[in-house]
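Tertiary structure, described
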Amino acid sequence: MGDAPYLGSMHAAELAAEDDFEGWRNAARSLASADTPPGEIDWRVSGASGDLLAMAGEAAPAAPVAGTPFPVPRAFVALAEDVICHSDPQRFALLYAMLLRLKQGQASMQDHADPALRRLETLAKEVRRDIHKMRAFLRFREVAEGDDVRFVAWFEPAHHIVRRNARFFVDRFASMRWTILTPELSLDWNGETLSEAPGATRADAPDGDPLEETWKTYYASIFNPARVKIGAMLKEMPKKYWKNMPETALVPGLIAGARARELEMVDKSRREIGGNAAAAWDALREEAAGCTRCPLYKPATQTVFGEGRVDAPLMFVGEQPGDQEDLAGRPFVGPAGRMFDQALELAGIDRATAYVTNAVKHFKYEQRGKRRIHSKPDGAEIEACKWWIEQEREIIRPKLTIALGATAARSLLGRVVTISGTRGTPHRLADGGEAWVTVHPSFLLRIQDRTEADAEFKRFVGDLRRAGERLAELVG
């Protein structure tokens, strides 16, 4: 889209669809390059379907824009991609107003106290949550088509996220022939081509199929009453989605006996690594692989989840994966990981008996030439990833957790802390566990003076050794 047509005192910026990010970006750049006031723009949606694969994330190059080009922060572009998918009719105008302020130097993407930025971040968070819900709660049902079958699903998103999620379902169910029906539009995958059709109604979707009994049996077998929290369950799985999910018919009965079975199930998961705890952890790791809770997933290679024993009495929490961890998909395998392993050995702790994870699951970095330079996660990113840490802790239930660095300590303790102010003393966590705080191994690698580096390394080993002694007291 080039220059928006001028109508009297208003510029009409027409978009192809509710989620037309490329159209909005092209129009916004043209208008902002001329410093067009936000109040002089009429943002419209024509209702044209547009190109599906372009909408789904393979957009064609943007059309040339008029005026003098200007830089746009990468963080704003990522934010806008999410906000555009929201159902708020003011989103186009809100984004443009922020873009113009950024161009004129009147706003910053780092000023999270800015009410306009905070509103946009809230909209983006709601969109990401809706994307997650579609991935988590959509259920396909088998429909016969002559000698073949098709899998059909019904979903009612709160925002315009269907095209945004299309690539996820194509990649995950590439070998299936499937259709996703929603009120706004429908997606159809024939195994080779993704196409779009008009919206549908709930009556167009099938009610059930023989596979549901198998799915219910599987769900009942992995249901862990020791992890049930009614408030959290309703928050993560609102009842509006229950009617489309066969396993939810089992939930009331499974919850009813949860308290009576809780201690039994916890004990069983401790004794049997192949039991419910392992199944729950596998499911959690698979879900985390598609995490979009914050923008860090976009440039990262993959989610780097925790690893280790699901009944480990000791948990280590680091900051975030580094360059090598991002490529390998495992925590603490780079230079800091080798330093960590060396310190564990000197402290008499076997890493194989512990669980190792990070407060943030995606690698945050700045690209400098061919190198990816580590960038510290901010508060919003730590908070977005806190949900995963809490789920890991609910499954593993460690007696003792060691926070490696200030980011990990902030995630576990729920507040900004300093290493000097929290090191060497026990901290009671909200879930009843105990935490100790020490430095992150990467801190040791950054010390230039050899004498100072050796002294700090010995101090780090001492922290680990004392934590190991404390663990023996807790377990014994």
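One can find the structure itself at the top, above this paragraph.
Throughout what follows, the structure given in this document is the object of discussion. From a predicted model like this one, the values you see are computed outputs, not experimental measurements. (Residues numbered from 1 in each chain as written. Predicted model: local features only at pLDDT ≥ 70, side-chain atom pairs only at ≥ 80, totals over all residues. Heavy atoms only, no water.)

A few words now on the overall build of the chain. For the chain, the count of helices and strands is 18 helices and 16 strands. A burial count over the chain gives 49% of its 476 residues as buried. Across the chain, contacts joining residues at least 24 apart in sequence account for 73% of those joining residues at least 6 apart. When the accessible area of the chain is evaluated, it comes to approximately 22,800 Å², of which 53% is carbon and sulfur surface. (Helix = DSSP H or I, 4+ residues; strand = E, 2+ residues; numbered from the N terminus. Buried < 20%, exposed > 50% of the residue type's maximum accessible area, 1.4 Å probe, protein only. Contact = heavy atoms within 4.5 Å. Areas by Shrake-Rupley, 256 points an atom, 1.4 Å probe, with all protein chains shown as cover.)

As a further point, take the pattern of salt bridges. One pass over the structure, following the stated rule, counts 32 salt bridges. Ionic pairing is found between R368 and E366, a salt bridge with its closest N-O pair at 3.5 Å. Salt bridges linked by common partners bring E81, D82, R128, R164 and K298 together as one network. (Salt bridge = Lys/Arg side-chain N within 4 Å of Asp/Glu carboxyl O.)

The subject of this paragraph is unusual backbone geometry. Unlike most non-glycine residues, F332 shows phi in positive territory, near 55°. As for its position among the elements, F332 is in the loop between α12 (323–328) and α13 (335–347). By relative accessible area, which is 5% here, F332 ends up buried. Positive phi, normally seen in glycine, also occurs at R397, with a value near 50°.

Under the 1.5 Å per step criterion, the end-to-end length of helix α18 (residues 450–475) is 37 Å for 26 residues, consistent within 8% with the ideal 38 Å. Regarding α18, the residues found buried are A453, E456, F457, F460, V461, G462, D463, L464, A467 and L471. If you follow the buried residues of α18, they end up packed against β10 (314–318), α13, β14 (400–404), β16 (434–438) and α17 (441–445). Sitting at the amino-terminal end of α18 is D449, which places a side-chain oxygen 3.2 Å from the backbone nitrogen of T451. (Expected span 1.5 Å × (residues − 1). Polar contact = N/O pair within 3.5 Å; in protein donor to acceptor, adjacent residues only side chain to side chain.)

All right, on to the sheet that holds β10 then. Ordered in space as β9-β11-β10-β14-β16-β15, the 6 strands form an open sheet in which the pairing is mixed. Because the sheet does not close on itself, it has two edges, and the strands there are β9 (307–308) and β15 (427–428). Alignment of β15 against β16, held across 2 bridges, turns out to be antiparallel. In the sheet register, H427 faces β16, and the bridge partner there is A435. Packing against the sheet, helix α14 (residues 379–396) makes contact with β10, β11 (355–358) and β14, and its axis sits at approximately 170° to β11. (Pairing = 2+ DSSP bridges. Axes fitted to C-alpha atoms, helices over the stretch in contact; angles between N-to-C directions.)

Right, let's get into the packing of helix α3 (residues 74–83) against helix α4 (residues 91–103). Across the interface, α3 lies against α4 with an axial gap of 10 Å and an inter-helix angle of 170°. As judged from the angle between their axes, α3 and α4 are roughly antiparallel. Facing α3, whose interface residues are F76, A80 and V83, α4 presents R91, L95, M98, L99 and L102. Each residue belonging to the contact of α3 with α4 can be placed in one class, and the counts come to 7 nonpolar, no polar and 1 charged. (Parallel < 35°, antiparallel > 145°, perpendicular 65-115°, else oblique. Nonpolar A, V, L, I, M, F, W, Y, C, P; charged D, E, K, R; others polar.)

By the secondary structure assignment, M339 is in helix α13. Placed 101 residues apart in sequence, M339 and H440 show a C-alpha to C-alpha distance of 9.8 Å. With near-sequence residues (within four places) excluded, M339 lies in contact with P441, L444, L445 and F457.

We now examine the packing of α14 against helix α15 (residues 406–413). Two numbers describe how α14 lies on α15: the axes approach to 9 Å, and their chain directions differ by 65°. Every pair of crossing elements has a handedness; the one defined by α14 and α15 is right-handed. Contacts between α14 and α15 pair G379, I382, K386, I389 and R393 from the former with T407, R410, S411 and L412 from the latter. (Left-handed = near helix turned anticlockwise from the far one by under 90°.)

So, on to the environment of L15. Tracing the sequence through the fold places L15 in strand β2 (residues 10–15). Its relative accessible area of 1% is what places L15 among the buried residues. On a C-alpha basis, the gap between L15 and W43 in space is 7.5 Å, while along the polypeptide they are 28 residues apart.

Shape is all these values report; function is a separate question.
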